[in-house]
Amino acid sequence: MEQKPFSRGLLSSEADSQRTLYPYVTGTSVVALKYKDGILMAADMGGSYGSTLRYKTVERMKSIGKHSLLGASGELSDFQEILRYLDELILYDNMWDDGNSLGPKEVHSYLTRVMYNRRNKFNPLWNSLVLGGVKNGQKYLGMVSMIGVNFEDDHVATGFGNHLARPILREEWHENLSFEDGVKLLEKCMRVLLYRDRSAVNKLQIAKITDEGVTVSQPYSLKTFWGFSAFSNPTAGAEGSW
Amino acid sequence: MTKHQANWSPYDNNGGSCVAIAGADYCVIAADTRMSTGYNILTRDYSKITKLADKCVMASSGFQADVKALQKLLAARHLIYQHQHNKQMGCPAMAQLLSNTLYYKRFFPYYSFNVLGGLDNEGKGCVYTYDAVGSYERVGYSSQGSGSTLIIPFLDNQLKSPSPLLLPVQDAITPLSESEAVDLVKTVFASATERDIYTGDKLEIVVLNAEGIQREFMDLRKD
């Protein structure tokens, strides 16, 4: 276990431009759940630049190897860096050419180590990652945060999804959801996020991973309803300056 | 030129409580299975207990990533020990290793609050309790984590541990039977769950005795 001596202190103001200080272009929540045949994962296609909804066609879910699907929220450039790390990992795995391939558990373990290691060097990858997959019929769904906190569960969500989607999933998720029910449940979560998360955009993808492989849907939008009478006269019943 | 303030913390508290009680020929180690961050529950089914050696089990609460790293490190060191000495590590040996490992990171600590439980070289129950930087002590019982302030006074009352300052040195091991100790642990966690928001969901109890290791679960309040 090496430890570099801290010559200037950890929070030096000198041009220590190599460290991540704040995220710049970020993705918002990712929500995922286990269903009968595998994992379903949903994420919108937005890339925010602070409060500006700058990019609206960002793919925040990517397949990794044959058995895994990675979704990310947080700094998008760090996500792209992680994809480069994983490309190399999968490349070396393929080069063994031994009929075995890294499954979701292994990829999740690798990502946990990478995130924890960067946190130890005070230069984190500013992401919350969702890793789902199926290998030999075994479903796996896990999450890693930017400081290395990781766990697996039947359903996970990042960012605002933790506050808005997880309670819905806790109430309505059950074992052996059908594909249609799983998609309906995810759409319900994404709709709530669309209404309540200001960095959400109405263009999302849902990805499915089963033993047969990964399918990422074409981008589509959710139907929303804004015709509530309370919106047409917001101050009725509570006159005021706001 | 203003000094950059870090706007992220390398630490987080993922909550939870751990307890261990040493008996004449057994040791009970227990922890809840809730993992939280802030006011959110991340998962209700996360084990804080890990088997380090045949006769040595550790329960840890605090910052989960550090706990995981610590568990991995100790498991690796145990494997090396087995290769070098052709035997399992005893509990007192593992206790010292854990202390040294924690102190190694004295200036960027593992935010991990541990209790080590197992059987000593004579087959008697032993419990070691730690702080985050490796200060440790062999005791008859201990609790760490978010509910420890609620649990320890109750254990003090029920287990009537003799003062370590008395001479001649008195045994801290409880005269309770194994099933009585397990019942006490269940009671203690049910109480801690009522008042500590970070403790709850499910209780995992591991019992180490001459027959080996047994594990049981009990539901706790989910709110």
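The paragraphs below set out a description of the structure included in this document. (Residues numbered from 1 in each chain as written. Chains lettered and ligands numbered in written order. Predicted model: local features only at pLDDT ≥ 70, side-chain atom pairs only at ≥ 80, totals over all residues. Heavy atoms only, no water.)

Each helix and strand counted, chain B has four helices and twelve strands in total. Relative to a compact globule of 223 residues, whose C-alpha radius of gyration would be 17 Å, chain B shows 18 Å and is just as compact. Across its three principal axes, chain B shows a C-alpha extent of roughly 65 × 45 × 35 Å. Looking at chain B as a whole, 50% of its 223 residues are labelled buried. For chain B, the proportion of contacts with a sequence separation of at least 24, taken over those separated by at least 6, is 64%. Carbon and sulfur atoms provide 53% of the accessible area of chain B, an area that totals close to 10500 Å². Looking at chain B, you have 21 positive and 23 negative side-chain charges, and the mean spots of the two groups are 7 Å apart. (Helix = DSSP H or I, 4+ residues; strand = E, 2+ residues; numbered from the N terminus. Rg over C-alpha atoms; globule rule 2.2 N^0.38 Å. Buried < 20%, exposed > 50% of the residue type's maximum accessible area, 1.4 Å probe, protein only. Contact = heavy atoms within 4.5 Å. Areas by Shrake-Rupley, 256 points an atom, 1.4 Å probe, with all protein chains shown as cover. Lys, Arg positive; Asp, Glu negative; His and termini not counted. Charge placed at Lys NZ, Arg CZ, Asp CG, Glu CD.)

Which parts of space are left empty comes out when a probe the size of a water molecule is rolled across the atoms. In the structure shown here, the tally under the stated rule is two cavities of 30 Å³ or more. Computed from the structure, the largest cavity encloses a volume of approximately 100 Å³. Lining the largest cavity we find 13 residues, and of these B:Tyr46, B:Lys48, B:Ser60, B:Ser61 and B:Gln64 sit closest to its centre. Of all the elements in the fold, those that place two or more residues in the lining of the largest cavity are strand 6 (56–62) and helix 1 (64–85) of chain B. Tallied by class, the residues present in the lining of the largest cavity amount to three nonpolar, eight polar and two charged. Considering the residues around the second largest cavity, the lining is formed by A:Thr28, A:Ser29, A:Asp44, A:Met190, A:Leu193, A:Leu194, A:Ala200, A:Val201, A:Lys203, A:Leu204 and A:Leu222. (1 Å grid on protein atoms, 1.4 Å probe; cavity = no way out; pocket = protein on both sides within 12 Å on 5 of 7 lines; lining within 4 Å. Points joined across faces, edges and corners; volume = space filled by probe spheres on them. Nonpolar A, V, L, I, M, F, W, Y, C, P; charged D, E, K, R; others polar.)

A word on the pattern of salt bridges. Residue and element names in this part refer to chain B. Enumeration according to the criterion identifies 17 salt bridges over all chains in this entry. The shortest N-O distance in the salt bridge between Arg138 and Asp120 comes to 3.2 Å. With a gap of 18 residues between them, Arg138 in strand 9 (residues 136–139) and Asp120 in the loop between strand 7 (112–119) and strand 8 (125–130) connect regions that are remote in the sequence. Owing to a relative accessible area of 10%, Asp120 belongs among the buried residues under this scheme. Within this structure, Arg34, Arg44 and Asp201 form a network of salt bridges that share partners. (Salt bridge = Lys/Arg side-chain N within 4 Å of Asp/Glu carboxyl O.)

With 30 residues of chain B in contact, the opposing surface of chain A contributes 29 residues. Summed over both sides, the interface between chain B and chain A buries roughly 2700 Å², with carbon and sulfur atoms accounting for 58% of that surface. Taken together, chain B and chain A are joined by one salt bridge. Run the count over chain B and chain A and you get nine residue pairs in polar contact (both at pLDDT 80 or more). Contributions of two or more residues to the side of chain B that touches chain A are made by strand 4 (40–43) and helix 1 of chain B. Ranked by residues supplied to the side of chain B that touches chain A, first place goes to helix 1 of chain B with seven residues. (Buried area = accessible area lost by both parts, 1.4 Å probe. Polar contact = N/O pair within 3.5 Å; in protein donor to acceptor, adjacent residues only side chain to side chain.)

All right, on to helix 3 (residues 148–159) of chain B then. Residues and elements named next belong to chain B. For helix 3, built from twelve residues, the straight-helix expectation of 16 Å at 1.5 Å per residue is met to within 8% by its first-to-last C-alpha distance of 15 Å. For helix 3, the secondary structure elements touched by its buried residues are strand 1 (17–22), strand 10 (141–145) and helix 4 (178–195). Downstream of helix 3 by a residue or two, Lys160 has a phi angle that is positive, lying close to 40°. (Expected span 1.5 Å × (residues − 1).)

Here we take up the pairing of strand 5 (residues 52–55) of chain A. All names here are of chain A. Alignment of strand 4 (residues 47–49) against strand 5, held across two bridges, turns out to be antiparallel. The partner of Tyr49 across the bridge, within strand 5, is Thr52. In this structure, the hairpin formed by strand 4 and strand 5 is closed by a connection of two residues, where Gly50 is found at a positive phi of approximately 70°. (Pairing = 2+ DSSP bridges.)

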